[in-house]
Every structure is written in structure tokens, then in C-alpha cells.
Amino acid sequence: MKKFLLLIVLVVPFLFTSAQNATKSTAMEKDFAFSYGLELAYPLEILNKGHVIGVGAYGQSDYILSEAASLTSGAGIIFFPGKQITVTDSGQTYKTRQKGYFAGTILGGLKFYLTDNKIYGHSQVGISIDNNGILAAVFTVRVGVEKKKIDWSFGFQSASRSGGNFSFLGIKAGYRIP
């Protein structure tokens, strides 16, 4: 399942964007862009109680509407290792690690460029599925900057499901094509 989600994150948006860009004349401006990269995430709320800093990967395609806005679609995976805890059972004390949290997410949204030097605001909604097979509604909001082909952003993501919100703050660093 994890390998399948990784394949979706890295390959599908790239193929879609490449196919769209291949049909454009070199004299015409391209309507699509693709980015992929890594994320470092700090767990909040429920995730913070039993997990440590998370790591993830993502892929995203942008359909460029104008110089000021793009429609986005993407997918990502994230893993939060469990915290080490001390357990006492039948008079025996030992250390163990809580179960990690893994989720795959599919998102769509809108990116607005706030300045000419590519500072942007970005919000998305979508769905996720975690390592327990539980589906959740996801909302994310980010601010970022694109410098040359590097895309940096900082944001908040929350997955709302029965049992509470699984939320985190994240820093993404990605490579943008074209």
C-alpha cells in the first residue's frame, strides 16, 4: 500500500503535466507546472501526544490560470514515528515505542500569487487514508515563495475524522518543473 501511494504521488502528476506540456508549442506559454519535494512536519493536537517530528513526500501539478492564480492538484504521504514510552507490566518496567502514524493524501485547491516575486498563499481540500484504513477530510493552508526552480512553503494541515483532528505544521522544500 505504501509503495502504491508513493507511486501515485511521484508518477501520476508528472505524467499528466508532461503530456499537457508536450502538446504546447515552444512559442506558447505553458499552462501546467509540476513540483515534487519533501516535507518536515511538527505534530499538533492528537498527533503530538504520541508522535515525534514527521517526514513526507509530495507531488503537485499547477494549472496556471493567470500570472496571479493557479488551480492545484496533488498527492502526498507523511509518516510520524511513535514516541518512546516507559511501560510497567506485572512489576516489569521496559521501554517501547508507540505505533507510528502514516497517511496518504489527495488534495485540490487554489494558489494565489501575492507579489511579482512569487510569494503565494495556497489552500487545498481533499481526503486522506491512514495506516488504520480510516478516511478523513483534509484542509491545508500554506504560504510560500518560489525562487528560480525551488519552492519553499510553510503551512498547517488538518485531517478531520472520528476520534478527532490529526493536524501538523509543516515546512516543504520542492523542485518546480518548468
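Residues numbered from 1 in each chain as written. Predicted model: local features only at pLDDT ≥ 70, side-chain atom pairs only at ≥ 80, totals over all residues. Heavy atoms only, no water.

Colleague: Could you give an account of the packing of aromatic side chains, naming the residues involved and the relevant values?
Modeller: Aromatic ring pairs are reported here in terms of the distance separating the ring centres and the angle at which the planes meet. Taken as a whole, this structure holds six aromatic pairs when the rule is applied. Arranged with centres 6.0 Å apart and planes meeting at 70°, the rings of Tyr113 and Tyr120 form a pair that is edge-to-face. Across from the ring centre of Tyr120, 4.5 Å away, lies the NZ or CZ of Lys111, which sits over that ring. Against the face of Tyr113 rests Lys118, its NZ or CZ located 4.6 Å from the ring centre. (Phe/Tyr/Trp six-rings, centres within 6.5 Å; stacked < 30°, edge-to-face > 60°. Lys NZ or Arg CZ within 6 Å of the ring centre and 35° of its normal.)

Colleague: Quick one: what's the story with the pairing of strand β9 (residues 150-161), residue by residue and with numbers?
Modeller: One ladder, built from 11 bridges, connects strand β8 (residues 135-147) with β9; its direction is antiparallel. Bridging from a neighbouring strand, Glu146 pairs with Asp151 of β9. Both β9 and strand β10 (residues 164-177) contribute to a ladder of 12 bridges, which runs antiparallel. When the bridges of β10 are listed, Asp151 appears paired with Gly174. Linking β9 back to β10 in an antiparallel pair, the connection comprises two residues, with Gly163 at a positive phi of about 100°. (Pairing = 2+ DSSP bridges. Helix = DSSP H or I, 4+ residues; strand = E, 2+ residues; numbered from the N terminus.)

Colleague: Lay out the pattern of salt bridges in plain terms, naming residues and giving numbers.
Modeller: Close approach of charged atoms allows side chains of opposite charge to pair. The final tally for this structure, using the stated rule, is six salt bridges. The shortest N-O distance in the salt bridge between Asp62 and Lys111 comes to 2.9 Å. Taken together, the residues Asp62 in strand β2 (residues 54-64) and Lys111 in strand β6 (residues 101-113) connect sequence positions 49 residues apart. Judged by relative accessible area, Asp62 falls into the buried class, the value being 1%. (Salt bridge = Lys/Arg side-chain N within 4 Å of Asp/Glu carboxyl O. Buried < 20%, exposed > 50% of the residue type's maximum accessible area, 1.4 Å probe, protein only.)

Colleague: Would you mind going over a nonpolar patch on the surface in detail, with residue names and values included?
Modeller: Taken together, Tyr36, Leu40, Tyr42, Ile53, Val55, Phe79, Val143, Ile150, Trp152, Phe154, Ile171 and Tyr175 make up a surface patch of nonpolar side chains, about 1100 Å² in accessible area. Listed by contribution, the elements that provide at least two residues to the nonpolar patch are β1 (32-44), β9 and β10. With respect to the helices and strands, the residue Val143 is situated in strand β8. Given a relative accessible area of 49%, Val143 falls into the partly exposed group. (Patch = residues over 30% accessible without salt bridge, like charges linked within 9 Å, V, L, I, M, F, W, Y side chains within 5 Å. Areas by Shrake-Rupley, 256 points an atom, 1.4 Å probe, with all protein chains shown as cover.)

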